[in-house]
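Below are the chains, spelled out letter by letter.
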Amino acid sequence: MAEMTNGFNNHDAKAATRMYAPDGDFVSVRGEAANGATEVEAKLAAILATRARNASLKTLKMTIRFVRPDVALVHVTNELGGLVNANGQTLLAHQELSLQVLVKENDGAWRLTAFQNTLVAPFDESRPK
């Protein structure tokens, strides 16, 4: 997780996706999907070159649950700041929660096989039911 965060903060898509399995899946907080390590790296590179060009990520919380000795579910809460919108305006920092599925390979390396990111936001109580 530290390698992914450091890669993101250095705006280095290759370093931020190095841990993906060759057939790993990625879904961004905006619902952008990529399949396979090469496509995931390209998708993240495009994000880092545009709306996340000045962004930084800070890990707030992480929990790991082993569903089997070789499969781990990891929930990571991050604070993301410095995103820009289409007009180039910097957006307020916000929290995101990701679910990551890691599988231990035969060589002992853990590979990210699935990543899904979700915006952490309270319900808008002002909306009618």
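The paragraphs below set out a description of the structure included in this document. As a convention, each chain's residues are numbered from 1 in the sequence order in which they are written. Given that this is a predicted model, residues contribute local features only at a pLDDT of at least 70 and side-chain atom pairs are listed and counted only at 80 or more, while totals for whole chains, interfaces and linings are drawn from all residues. As a rule here, side-chain values come from all non-hydrogen atoms in the structure, and water together with hydrogens is ignored.

A closer look at the environment of Asp23
Argument step 1. A run of H or I in DSSP counts as a helix once it spans at least four residues, and a run of E counts as a strand once it spans at least two, with each numbered from the N terminus. In this structure, Asp23 sits in strand S1 (residues 20-27).
Argument step 2. Distance from Asp23 to Ala37, taken between C-alpha atoms, is 6.3 Å for residues 14 residues apart in sequence.

Let's talk about the sheet that holds strand S3 (residues 56-68)
Argument step 1. When DSSP locates at least two bridges between a pair of strands, those strands are taken to pair. The strand order across the open sheet formed by six strands is S2-S1-S6-S5-S4-S3, and the pairing between neighbours is mixed. Edge positions in the sheet fall to strand S2 (33-35) and S3, since each of these pairs with one other strand and no more. Recorded for the sheet is a direction-independent mean angle of 15° between the axes of neighbouring strands.
Argument step 2. Inspection of the sheet shows strand S5 (residues 94-104) paired to strand S6 (residues 110-120) by 10 bridges, in the antiparallel sense. Bridge assignment links Val101 to a residue of S6, and that residue is Ala114.
Argument step 3. Contact definition: two residues touch when any of their heavy atoms are within 4.5 Å. The axes used here are C-alpha line fits, helices contributing only the stretch in contact, and every angle between their N-to-C directions lies in the interval 0 to 180 degrees. Helix H1 (residues 2-9) contacts S3, strand S4 (71-81), S5 and S6 of the sheet and is inclined by roughly 155° relative to S3.
Argument step 4. Those strands touched by helix H3 (residues 37-49) are S1 and S2, and its axis lies near 45° from that of S1.

Re H3
Argument step 1. Compared with an ideal rise of 1.5 Å per residue, which puts 13 residues at 18 Å, H3 spans 18 Å between its outermost C-alpha atoms and is within 8% of the ideal.
Argument step 2. Buried residues belonging to H3 abut H1, helix H2 (13-17), S1 and S2. Here a helix's expected span is defined as the number of its residues, less one, multiplied by 1.5 Å.

So, the side chain of Thr5
Argument step 1. By secondary structure assignment, the location of Thr5 is in helix H1.
Argument step 2. Residue contacts for Thr5: discarding those within four places in its chain leaves Leu57 and Thr59.

Observations concerning the pairing of S3
Argument step 1. Where S3 and S4 come together, 11 bridges link them in antiparallel fashion. By the bridge assignment, Ile64 is partnered in S4 with Val74.
Argument step 2. Count of turn residues in the S3/S4 antiparallel hairpin: two residues.

What to know about unusual backbone geometry
Argument step 1. One non-glycine residue, His11, lies in positive phi territory at about 55°.
Argument step 2. Within the secondary structure layout, His11 lies in the loop between H1 and H2.

A look at the packing of aromatic side chains
Argument step 1. When the centres of two rings from Phe, Tyr and Trp lie within 6.5 Å, Trp using its six-membered ring, the rings pair. Their planes under 30 degrees apart give stacked, over 60 give edge-to-face, and anything left gives tilted. Applying the stated criterion to the full structure yields two aromatic pairs.
Argument step 2. Here the aromatic rings of Phe66 and Trp110 are separated by 6.0 Å at their centres, their planes lie at 65°, and the arrangement is edge-to-face. Of this pair, Phe66 sits in strand S3 while Trp110 sits in strand S6; the two residues are 44 residues apart in sequence, bridging distant segments of the chain.
Argument step 3. Its relative accessible area of 30% is what places Trp110 among the partly exposed residues. For the exposure calls, accessible area comes from a 1.4 Å probe over protein chains only, and a residue counts as buried if that area is under 20% of its type's maximum, exposed if over 50%, partly exposed in between.

A word on a negative patch on the surface
Argument step 1. Exposure above 30% relative accessible area and the absence of a salt bridge qualify a residue for a patch, where like charges join within 9 Å and nonpolar side chains (Val, Leu, Ile, Met, Phe, Trp, Tyr) within 5 Å. With residues, only the protein chains shown are counted as cover, and all accessible areas are computed by Shrake-Rupley using a 1.4 Å probe. Each reported salt bridge corresponds to a side-chain nitrogen of Lys or Arg within 4 Å of a carboxyl oxygen of Asp or Glu. Charged-residue counts in this description rest on Lys and Arg as positive and Asp and Glu as negative, His and the chain ends being excluded. For charged residues, the charge sits on one atom: NZ in Lys, CZ in Arg, CG in Asp, CD in Glu. A cluster of like negative charges, contributed by Asp23, Asp25, Glu105 and Asp107, occupies part of the molecular surface.
Argument step 2. Relative to the elements of secondary structure, Asp107 occurs in the loop between S5 and S6.

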